[in-house]
Amino acid sequence: MLGGAAGGFAGPADLDLPLDDARLREVGLTLGSGVVMVHDQHVDLVDQLRRIAAFFRDESCGQCVPCRVGTIRQEEAIERLAAGTGEADLSLLRDIAGAMRDASICGLGQTAANAIQSAVVRLGVLT
Ligand code: SF4
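Below, the structure is looked at part by part. (Residues numbered from 1 in each chain as written. Predicted model: local features only at pLDDT ≥ 70, side-chain atom pairs only at ≥ 80, totals over all residues. Heavy atoms only, no water.)

1. Side note on the nonpolar core
Ranked by size, the top nonpolar core spans 22 residues in total, and within it Phe9, Leu49, Ile52, Ile78, Leu93, Ile116 and Leu126 carry the most contacts. Mapped by element, the contributors of at least two residues to this core are helix H2 (45–59), helix H3 (65–82), helix H4 (88–103) and helix H6 (114–123). Contacts of Leu49, omitting those with residues within four sequence positions, involve Phe9, Ile78, Ala115, Ile116, Ala119, Val125 and Leu126. Grouped together as the second largest cluster of nonpolar side chains are five residues, Leu2, Leu17, Leu29 and Leu31 included. (Core = buried A, V, L, I, M, F, W, Y, C linked by side-chain atoms within 4.5 Å. Buried < 20%, exposed > 50% of the residue type's maximum accessible area, 1.4 Å probe, protein only. Helix = DSSP H or I, 4+ residues; strand = E, 2+ residues; numbered from the N terminus. Contact = heavy atoms within 4.5 Å.)

Below is the structure:
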């Protein structure tokens, strides 16, 4: 995971990418805060996504609706997906991510779905 909770997950196919922010942004990643967290095959990535979602739900100040509601709905959708309740929540997660990114007031809401979306899209977590 590059850039911390507001960054994104890189997968095995990304291992040869240089740690260069401009290059990473070309493929939808960022160095962000500079955090590089390495996970091996023993890490429960669904649990990681739960923790990231809970972090953003807690950190949302509540001033704007996309972030205040989106972080809660994001966490709920992850719980349903983790319980195996169907693909509808994958598109819901994507829609929530878009709304938070495009309509949140500050960077917290705008990046609250980054890591989760990257785990779903790049690594297939929750799919
Ligand atoms: S996006 Fe920023 S201002 Fe809006 S609720 Fe989230 S933390 Fe507050």
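2. Considerations on the site of the ligand
As a matter of local geometry, the ligand sits amid Ser60, Cys61, Gly62, Gln63, Cys64, Cys67, Ser104, Ile105, Cys106, Leu108 and Gly109. Residues that form the shell around the ligand fall into these classes: six nonpolar, five polar and no charged. (Near = heavy atom within 4 Å. Nonpolar A, V, L, I, M, F, W, Y, C, P; charged D, E, K, R; others polar.)

3. Brief notes about the packing of H2 against H6
Two elements in contact, H2 and H6, have axes separated by 9 Å at closest approach and are oriented at 155 degrees. With respect to each other, H2 and H6 are oriented roughly antiparallel. Residues Leu45, Leu49, Ile52 and Ala53 of H2 form the contact with H6, whose participating residues are Ala115, Ile116, Ala119 and Leu123. Among the residues forming the contact of H2 with H6, the class breakdown is eight nonpolar, no polar and no charged. (Axes fitted to C-alpha atoms, helices over the stretch in contact; angles between N-to-C directions. Parallel < 35°, antiparallel > 145°, perpendicular 65-115°, else oblique.)

4. Structural notes on a nonpolar patch on the surface
On the surface, a nonpolar cluster with roughly 330 Å² of combined accessible area is contributed by Leu19, Val36 and Val38. Relative to the assigned elements, Val36 resides in the loop between helix H1 (21–26) and H2. For Val36, a relative accessible area of 48% translates into the label partly exposed. (Patch = residues over 30% accessible without salt bridge, like charges linked within 9 Å, V, L, I, M, F, W, Y side chains within 5 Å. Areas by Shrake-Rupley, 256 points an atom, 1.4 Å probe, with all protein chains shown as cover. Salt bridge = Lys/Arg side-chain N within 4 Å of Asp/Glu carboxyl O.)

5. A short note on the packing of H4 against H6
Close contact between H4 and H6 brings their axes to 10 Å; oriented N to C, the two are set at 140 degrees. Between H4 and H6, the angle is such that the two are oblique. Here H4 and H6 pass one another in a crossing that is left-handed. Across from Leu90, Leu93, Arg94 and Ala97 in H4, the residues of H6 making contact are Ile116, Gln117 and Val120. A class-by-class count of the residues in the contact of H4 with H6 yields five nonpolar, one polar and one charged. (Left-handed = near helix turned anticlockwise from the far one by under 90°.)

6. Observations concerning the packing of aromatic side chains
Taken as a whole and assessed by the stated rule, the structure comprises one aromatic pair. For the pair Phe55 and Phe56, a centre-to-centre distance of 5.1 Å together with 75 degrees between the ring planes defines the contact as edge-to-face. Classification of Phe55 by relative accessible area gives partly exposed; the value is 38%. Taking the relative accessible area as the measure of exposure, Phe56 reaches 3% and is therefore buried. (Phe/Tyr/Trp six-rings, centres within 6.5 Å; stacked < 30°, edge-to-face > 60°.)

7. Section: the environment of Val35
For Val35, the location among the structural elements is in the loop between H1 and H2. Residue Val35 is classed as partly exposed on the basis of its relative accessible area of 33%. Considered as a pair, Val35 and Arg94 are 59 residues apart in the sequence and their alpha carbons are 24 Å apart. The contacts of Val35, once residues within four sequence positions are left out, are Met1, Leu2, Gly3 and Gly4.

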